[in-house]
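A look at the structure
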Amino acid sequence: MKKKTLLSLALILGICLSTNAQDKGNIELGGQIGLNISNAASSDRSADSKVSFNVGAFADFYINDRWSIKPKVIYDRKGWSEDITDFKVNYITVPITANYHFGGTRRWYFNFGGYIGVLASAEDTEFGIDLKDSFKSTDFGLAFGIGHRFPIADNVNLFVEYEGQSGLVNIFEESSETVRNGRSALNAGLVFLLN
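Residues numbered from 1 in each chain as written. Predicted model: local features only at pLDDT ≥ 70, side-chain atom pairs only at ≥ 80, totals over all residues. Heavy atoms only, no water.

So, on to the overall build of the protein chain. Along the protein chain, the regular secondary structure elements total one helix and nine strands. Going from the N terminus to the C terminus, the protein chain shows its helices and strands as α-β-β-β-β-β-β-β-β-β. Residues classed as buried in the protein chain amount to 43% of the 195 residues present. Entry remark: accessible area of the protein chain is about 10,200 Å², with carbon and sulfur atoms responsible for 61%. (Helix = DSSP H or I, 4+ residues; strand = E, 2+ residues; numbered from the N terminus. Buried < 20%, exposed > 50% of the residue type's maximum accessible area, 1.4 Å probe, protein only. Areas by Shrake-Rupley, 256 points an atom, 1.4 Å probe, with all protein chains shown as cover.)

What follows concerns the confidence of the model for the protein chain. On average, residues of the protein chain score 87 in pLDDT, and 85% of them reach the 70 mark or higher. In this model, residues 15–22 is a region of pLDDT below 50 whose contacts with residues beyond four sequence positions or in other chains number ten contacts. (pLDDT = per-residue confidence, 0-100. Contact = heavy atoms within 4.5 Å.)

Applying the stated criterion to the full structure yields 15 aromatic pairs. A centroid spacing of 4.5 Å and a plane angle of 25° characterise the contact between W80 and F87, whose relative ring orientation is stacked. Ring centres of F102 and W108 lie 6.4 Å apart, and the angle between their planes is 25°; this geometry places the pair in the stacked category. Aromatic ring contacts, followed pair by pair, group W67, Y100, F102, W108, F110 and F112 into a single cluster. (Phe/Tyr/Trp six-rings, centres within 6.5 Å; stacked < 30°, edge-to-face > 60°.)

All right, on to the pattern of salt bridges then. Enumeration according to the criterion identifies nine salt bridges in this entry. A salt bridge links R183 to D76, with the nearest nitrogen and oxygen atoms 3.1 Å apart. Taken together, the residues span a long stretch of sequence, with R183 in strand β9 (residues 180–193) and D76 in strand β3 (residues 67–82) at a distance of 107 residues. Judged by relative accessible area, D76 falls into the buried class, the value being 0%. One salt-bridge network, held together by shared partners, links K72, D76, E161, E163 and R183. (Salt bridge = Lys/Arg side-chain N within 4 Å of Asp/Glu carboxyl O.)

All right, on to the nonpolar core then. Judged by nonpolar contacts, A40, W80, F87, V89, Y91, L119, A122, L131, F135, I171, F172 and V179 together constitute the single largest core of twelve residues. For this core, the secondary structure elements donating two or more residues are β4 (85–102) and β5 (108–124). With three residues, the top contributor of residues to this core is β4. Apart from the residues within four sequence positions on either side, L119 is in contact with V89, N90, Y91, K132, F135, K136 and S137. I63, I69, A98 and F112 belong to the second largest nonpolar core, which has five residues in total. (Core = buried A, V, L, I, M, F, W, Y, C linked by side-chain atoms within 4.5 Å.)

Next up, the structure:
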């Protein structure tokens, strides 16, 4: 199943890269801040979601007037609560997504791709215990979202978006069960067109 999904994403990306239109070569830079709701997915755990935040920056490279490639760098606070334990797990996350801009003015967009997260810290905040050695140093999974842009000046847009991440790997170093990160976020920020 994972191989078919990756092959499909590669095929879609290849089609996008082979198209050509008037906005090819445009580059946008931006920044975001968002409200995270994160959890840990496992068949053996009953966990409560944790509310936190993310902050990040991105570049958007246009292939044509409909498609772009967007890499981001995000400081991502994740975590969950279960029983008497309160996990706070922070990552530097790098999603890379293909973005499809739609609508008459192309202000709507949706995106899909993947992410890799590098563990910055992990702790049990209930007892003040450092848990970084119990977690794997990297996490990766699927990234997706939908958003809308609002022009506020020449070459400047405000945006609001929903962004999701669904982990594909076990985040613990040694565990008899598989625990994966899951995160939804409502983000807002500014986008600046460079050329």
